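# Architecture at a glance
The chain contents come next:
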Amino acid sequence: MELYEEKRIKPEQLKKRLGKPITLYERSETSLGECTLALVRAGREKYLVATGSGPVFDELEGTTEGSCKICPTNHANRLVLNSYLPYTKPQSNANKRTSIGLGDRLGEATCGHIRALQGTSVFPIFAQQSVRELTLTGRTFEDVIDKAAYAVFQEGYTGGYGADGDHLKKEADIEKALEAGVTMITLDSSDVIDNTVFTLGTHEVEARYEQMDATLCKSYEDRYRDQVFTVSDQSYTLDAEHLKRDILIYHRALDFIQAIYEKYIAGSAVSLDFEVSIDETDTPTDAKSHLFIALELKRRKVVVSTLAPRFIGEFQKGIDYRGDLALFEQDLLAHTAIAKQFGYRLSVHSGSDKFSIFPILQKTIKGSFHIKTAGTNWLEAMRLVALKDPDLYRRMHRHALSRFADARAFYHVTTDISAIEALDATQDAELVHYLEDDNARQLLHITYGFLLEDTDATGRKLFKDEFFSLLAIEEQLYADLLAKHIGKHLHLLGFAS
Ligand code: ZN
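Notes on the structure in this doc start here. (Residues numbered from 1 in each chain as written. Predicted model: local features only at pLDDT ≥ 70, side-chain atom pairs only at ≥ 80, totals over all residues. Heavy atoms only, no water.)

## What to know about helix α4 (residues 110-117)
In terms of burial, α4 is largely enclosed, as eight of its eight residues are buried. Every buried residue of α4 is accounted for by T110, C111, G112, H113, I114, R115, A116 and L117. Of the residues trailing α4, G119 is marked for its positive phi of about 85°. (Buried < 20%, exposed > 50% of the residue type's maximum accessible area, 1.4 Å probe, protein only. Helix = DSSP H or I, 4+ residues; strand = E, 2+ residues; numbered from the N terminus.)

Structure (structure tokens):
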């Protein structure tokens, strides 16, 4: 739309008022009747600028001089933006397209993600955080969605995006996430999945099963015991032993999933994607167990959009898949057939950097699926630090080493920190090679919370300010690195950009 002179954003005037050189994000310039909106950066801060007049101009909070209002990129103004420009508001994946979760721990990665997605048909979940990630980074669901919404506006991206309250386990957290405007709930039932049963012997399973409520057991057995179910060209018999094991492992989780679905999802006024995750177990979900869960969810009238089984092999943070690719393909084929038959999509968690399985996902699933990535954009930020500020990189790397033992408690990783090249033996120009080393990648990956939040003796954050200042200055480079890295994910998944 043509911008009339009096409504055009005037960079010179803004520079004077903000007292700093500014960057005007041209793709953000949008005319809304008598008002033109745009996003600008001044130093580390971004501002929404409104020029002209009219309802949107009046509703935004900010400081006005003449016909120009400078507005903070806060939560209240994000809501105003949402109401006038619906594409800035998260939405559900109504057409069930293949979707990618792009968890952005720093709140700085969405612009790069948008560039990576250009020309593909993938539905992005730009806002995706678990409660653990929020705690480790001192953020809130509101803040996560605010950052994604402003980035969408900055890039003029009108393709739509979702917001995922990831790995939620508690009702209070689900309520907080929904209130903040998430469009997807990933329900993590791992607290009520009985993991101890996986390793029990036959007799121990019998003994545990005997202690369960007899009526409950009978109802399950009436439905499934020794029944044969055909999925695609595969037959599964839910034999007594396997069934008893599955009942012991999953019956509380099934009750929990149903209760959450009925309370929050089924009657929701807004369209929501509901993901059931059963992936946080040490033991892979076998096809029979998946089938049992699918049958039960259907019987309980729980409609799921996506389900995340625990696939065979290792999905460690920040590095490629570890395991037998042929076995993975077989496993995936069985899960895909079940998901298809029951009308939902598969979800693959910890999908960052799993390059060797991406072509298999594309080939085997054929239809659409969901894949979650999260920490890899943090590692791309560390790549930027290694490239642009060797001194900061060295200090962060050293601190990560000192905190590795603490971080390790939260993650399943096989990192060997003794195998990481010593900092003293590494030239500045070679620091970036740490981002190609699996051990160093995991070291930096799992210590992110400490690197961002740890303080010195006076209570000052050790690196946070310096780190975010660098990201602000190098915003374009960060977007380029992400476009390349996430672009590689999408390319191998079969989405050409
Ligand atoms: Zn997961």
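## Quick notes on the coordination of the zinc ion
On the protein side, the zinc ion has H167 (NE2), D279 (OD), E280 (OE) and H349 (ND1) as donor atoms, found 2.1 to 2.7 Å from it. Coordination geometry of the zinc ion: the four donor atoms subtend angles of 80 to 169° at the metal centre, consistent with an arrangement described as irregular. Mapped onto the sequence, the residues coordinating the zinc ion show the spacing H-x111-D-E-x68-H. You can see H167 sitting in strand β8 (residues 162-168) and its partner D279 sitting in the loop between β12 (273-277) and α11 (287-299), a full 112 residues away along the chain. (Donors = N, O, S within 2.8 Å, 3.2 Å for Na, K, Ca; no water. Tetrahedral: all angles 85-135°; square planar, octahedral: opposite > 155°, others 65-115°.)

## Points about the sheet that holds strand β2 (residues 35-42)
An order of β1-β2-β3-β5-β4 is seen for the five strands of this open sheet, with the pairing classed as antiparallel. At either margin of the open sheet sits one strand with a lone partner, and together these are β1 (22-32) and β4 (63-65). Adjacent strand axes in the sheet meet at a mean angle of 20° when their direction is disregarded. The pairing of β1 with β2 spans seven bridges and is antiparallel. Considered in β2, the bridge of L24 is made with V40. Of the strands in this sheet, β1, β2, β3 (45-52) and β5 (68-72) are in contact with helix α6 (residues 141-155), which crosses β1 at around 85°. (Pairing = 2+ DSSP bridges. Axes fitted to C-alpha atoms, helices over the stretch in contact; angles between N-to-C directions. Contact = heavy atoms within 4.5 Å.)

## Considering the packing of aromatic side chains
By the definition in use, this model includes 16 aromatic pairs. Between the aromatic rings of F315 and Y321, the centroid separation amounts to 5.2 Å while the plane-to-plane angle is 70°, which identifies the pairing as edge-to-face. Given the relative accessible area of 7%, Y321 is considered buried. Residues F315 and F328 carry aromatic rings whose centres are separated by 6.2 Å and whose planes lie at 55° to one another, so their mutual orientation is tilted. Of this pair, F315 sits in the loop between β13 (306-308) and α12 (325-342) while F328 is found in helix α12, placing the two residues 13 residues apart along the sequence. Like F315, the residue F328 is buried in the burial classification. In this structure an aromatic cluster arises from ring pairing among Y220, Y224, F229 and F292. Between K488 and the ring centre of F355, over which it is positioned, the NZ or CZ distance is 4.0 Å. (Phe/Tyr/Trp six-rings, centres within 6.5 Å; stacked < 30°, edge-to-face > 60°. Lys NZ or Arg CZ within 6 Å of the ring centre and 35° of its normal.)

## A word on the environment of L452
Along the chain, L452 falls in helix α17 (residues 448-453). L452 gets classed as buried once you look at its relative accessible area, which sits at 2%. Distance in space between the C-alpha atoms of L452 and I293 is 39 Å, their sequence separation being 159 residues. Discounting residues that sit within four places of it in the chain, L452 has contacts with L106, T137, W378, K461, K464, F467 and F468.

## Let's talk about the sheet that holds strand β15 (residues 370-373)
Pairing within the closed barrel is parallel, and its eight strands lie in the order β6-β7-β8-β9-β12-β13-β14-β15. Within this sheet the neighbouring strands show an average axis-to-axis angle of 25°, counted without direction.

## Some remarks on the pairing of strand β9 (residues 184-188)
By the criterion of burial, β9 is predominantly enclosed, with five of the five residues buried. Burial along β9 is two-sided: M184, T186 and D188 facing one way and I185 and L187 facing the other are all buried. Sheet topology places β8 next to β9; three bridges connect them, and they run parallel. Looking at β9, one finds that L168 is bridged to L187. Between the parallel elements β8 and β9, the chain passes through helix α7 (residues 171-180) in a crossover that is right-handed. Pairing of β9 with β12, which is carried by five bridges, proceeds in the parallel orientation. Along β12, the bridge assignment pairs M184 with D273. (Right-handed = clockwise from strand over helix to strand, strands pointing away.)

## A short note on the nonpolar core
Core analysis: the biggest nonpolar cluster contains 107 residues, and L37, F126, F274, F292, F328 and L361 have the highest contact counts within it. Counting residues per element, this core draws most heavily on helix α10 (residues 240-265), at 13 residues. Inspection of this core shows a minimum of three residues originating in each of domain 1 (2-84) and domain 2 (87-196 + 223-375). Apart from the residues lying within four places of it in its own chain, the contact partners of L361 are F328, L332, V348, K366, F369, I371 and L493. A109, L435, A440 and L443 belong to the second-largest nonpolar core, a separate cluster that totals 39 residues. (Core = buried A, V, L, I, M, F, W, Y, C linked by side-chain atoms within 4.5 Å. Domains from an automatic or database assignment.)

## Thoughts on the side chain of S31
Among the secondary structure elements, S31 is positioned in strand β1. S31 sits in the buried class, given a relative accessible area of 16%. Within the structure, S31 has its side chain in polar contact with the side chain of T36 (distance 3.4 Å). (Polar contact = N/O pair within 3.5 Å; in protein donor to acceptor, adjacent residues only side chain to side chain.)

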